Amino acid sequence: MKHLITASLLTSVVLFGCSDGTTTEIDQQLLTEYRRAIPSIADLEAPMVEGSTRALGDPAIIPASSYPIVIGINSTVAVLIGLLEEIVKLPPTVYNSETLEFFWGPFPNGDGVGYVAVYIRDAGENDDFRYHFAFLRGIDNDVAKLTPVIWGGANPDENNEDHGVGVALFDFEANYQFEQTHNPDAADLQLERGRFATLFGAGPDEDNTANEMAFVVAAFRAFVPGNEPTAQPADLDYLYGHYANNAEGHTLDFVDWQSQFDVDDPADNVVEDVGVRMAFFDAGVGRAEADVANGSFGNDTAQLTECWDTSINQTYLKLEATGGPVLVEVGLEEDCGIFKDGLSTLGVPSLEDIDDELLTALSSLAANGIPAE
């Protein structure tokens, strides 16, 4: 899959980053503070379950079916955050003391048309996010004509580089339109479309500061994968995160996603509302609760509950219709171990726990693109 930047572009950035225009007298402590505004890949990666041993048995259905979604999110995050990290590792081209901004570039795009640049700006203590950052593209080195295709803001924790909160938008549509306008070979490229907006945070547990919590709330809007250009644009809402009990060395990961897929009959081209909620302990044993409604299901709703062991082999499965009979049940719910009482009873976070105004704002960002600053 072709992305905004590849190894050859990173090579060209390294080559051009130390040109004669690079500022040499920089407050390194200040630069370090700014660089911490860029989220790490670990901040935004969705968790995946991995069996600790190999054993006979049927693999769990829901983790396997969710795996491609998780892989898609993680690969997108890795490439886009990776290119930001690589550029800001270089000495900045200039620092503007009036706008409180470090600027890298513009650098020639070694893997395509035009130029690329990055900025990190101090927006002040009164802004929702102290630091703003962006990855920009342009057809020439005129800074005024640069177009942001990644944008975000962050409040890093000054005492812990792994803690803080932030927001990021990956504007695939802006990148697509840039290529269509300026690249004569755009038709041969595999370019994602739509947008991906995310709010993320990590820090100590308020009730026990020795433990840590992290979360990511994300929204895809009108997303089309680059390798499936004829696919129907898809929306996806996602919550994932983890709780780490550092004293005991245990971690609880949780995932909750909602989207629309044709799960009943692919030939009828009718999509259903699908929700999947999962939790797993120490990247192994876990429980999933899924539901399907609307579309071909009409007024009916199907619910699927599944549990698995450390090898991600199924230990319990139950399929039922809301208001109707249990259609399939394999094993006993007691076989779910620590998850036998259900995710809600255990207090596992879900999308329903997220403030409606926050979800609306995130959805708007993903639907409408980068706000004017």
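Note that this is a predicted model, so its numbers are computed, not measured. (Residues numbered from 1 in each chain as written. Predicted model: local features only at pLDDT ≥ 70, side-chain atom pairs only at ≥ 80, totals over all residues. Heavy atoms only, no water.)

Peer 1: With reference to specific residues and values, describe the overall build of the chain.
Peer 2: The secondary structure content of the chain amounts to six helices and 15 strands. Considering only contacts in the chain between residues 6 or more positions apart, those separated by 24 or more positions represent 54%. About 18600 Å² of surface is accessible on the chain, with carbon and sulfur atoms providing 50% of the total. (Helix = DSSP H or I, 4+ residues; strand = E, 2+ residues; numbered from the N terminus. Contact = heavy atoms within 4.5 Å. Areas by Shrake-Rupley, 256 points an atom, 1.4 Å probe, with all protein chains shown as cover.)

Peer 1: Explain the packing of aromatic side chains to me, using residue names and the numbers behind them.
Peer 2: Across all of its chains, the model carries eleven aromatic pairs by this definition. Relative to phenylalanine 261, the ring of tryptophan 257 lies with its centre 5.8 Å away and its plane at 90°, an arrangement referred to as edge-to-face. The class of tryptophan 257 is buried, set by a relative accessible area of 4%. Chaining the aromatic ring pairs together yields one cluster made of Tyr34, Tyr95, Phe102, Trp104 and Tyr131. Taking the ring centre of tyrosine 119 as reference, the NZ or CZ of arginine 121 above it sits at 4.2 Å. Just above the ring of tyrosine 176 sits the side chain of arginine 193; from NZ or CZ to the centre is 3.8 Å. (Phe/Tyr/Trp six-rings, centres within 6.5 Å; stacked < 30°, edge-to-face > 60°. Buried < 20%, exposed > 50% of the residue type's maximum accessible area, 1.4 Å probe, protein only. Lys NZ or Arg CZ within 6 Å of the ring centre and 35° of its normal.)

Peer 1: Residue-level account of the layout of surface pockets, with values.
Peer 2: Counted as a void, the largest pocket has a volume near 1000 Å³. As for the largest pocket, its lining consists of 29 residues, and the residues nearest its centre are Phe223, Pro225, Gln232, Ala234 and Phe261. For the lining of the largest pocket, the element with the most residues is helix 4 (residues 61-88), which contributes eight residues. Residues belonging to the lining of the largest pocket are distributed by class as follows: 15 nonpolar, ten polar and four charged. (1 Å grid on protein atoms, 1.4 Å probe; cavity = no way out; pocket = protein on both sides within 12 Å on 5 of 7 lines; lining within 4 Å. Points joined across faces, edges and corners; volume = space filled by probe spheres on them. Nonpolar A, V, L, I, M, F, W, Y, C, P; charged D, E, K, R; others polar.)

Peer 1: How would you summarise helix 4 if you had to cite specific residues and measurements?
Peer 2: End to end, helix 4 covers 41 Å across 28 residues, agreeing with the expected 40 Å (1.5 Å per residue, within 8%). In helix 4, a bend of some 35° at tyrosine 67 exceeds every other bend along the element, and proline 68, a proline, comes one to four places later. (Expected span 1.5 Å × (residues − 1). Bend = angle between axes of the 7 residues up to and from the residue.)

Peer 1: Now, about the environment of glycine 152: what can you tell me, with residues and values included?
Peer 2: Residue position: glycine 152 is located in strand 5 (residues 147-157). For the pair glycine 152 and isoleucine 120, spaced 32 residues apart in sequence, the C-alpha to C-alpha distance is 9.5 Å. Sequence-distant contacts of glycine 152, defined by excluding residues within four places in its chain, comprise Tyr131, His132, Phe133, Val167 and Ala168.

Peer 1: An account of the nonpolar core is needed here, citing residue identities and associated values.
Peer 2: Grouped together as the largest cluster of nonpolar side chains are 54 residues, with contacts concentrated most on Ile73, Leu84, Trp104, Ile120, Phe135, Phe170 and Tyr238. For this core, the element with the most residues is helix 4, which contributes eleven residues. Val217, Cys307, Tyr316 and Ile354 belong to the second-largest nonpolar core, a separate cluster that totals 28 residues. (Core = buried A, V, L, I, M, F, W, Y, C linked by side-chain atoms within 4.5 Å.)

Peer 1: Any chance you could break down the pattern of salt bridges for me, citing the residues and the numbers?
Peer 2: Two side chains of opposite charge can pair, provided their charged atoms sit close to one another. Counting across every chain of the model gives twelve salt bridges. Glutamate 173 is the partner of arginine 193 in a salt bridge, and the nearest nitrogen-oxygen pair spans 2.5 Å. Within this pair, whereas arginine 193 is found in strand 7 (residues 193-204), its partner glutamate 173 is found in helix 5 (residues 172-182), the two being separated by 20 residues in sequence. A salt bridge links arginine 287 to glutamate 289, with the nearest nitrogen and oxygen atoms 2.8 Å apart. Just as arginine 287 is buried, glutamate 289 falls in that class too. Where salt bridges share partners, they join Asp122, Glu125 and Arg130 into one cluster. (Salt bridge = Lys/Arg side-chain N within 4 Å of Asp/Glu carboxyl O.)

Peer 1: Got a sec to walk through unusual backbone geometry? Specific residues and values, please.
Peer 2: Only a minority of non-glycine residues have a phi that is not negative, and only a minority of peptide bonds are not trans. Each neighbour pair has its own omega, and for glycine 105 with proline 106 the value is -5°, a cis peptide bond. Structurally, proline 106 can be placed in strand 2 (residues 101-108). If you check the backbone angles, aspartate 282 has positive phi at about 50° while not being a glycine. Along the polypeptide, aspartate 282 turns up in the loop between strand 11 (272-281) and strand 12 (286-293). Of the residues examined, aspartate 282 reaches a relative accessible area of 35% and is grouped as partly exposed. A positive phi angle, close to 55°, is found at alanine 283, a residue other than glycine. In this fold, alanine 283 is placed in the loop between strand 11 and strand 12.

Purely geometric stuff here, so don't read any function into it on its own.
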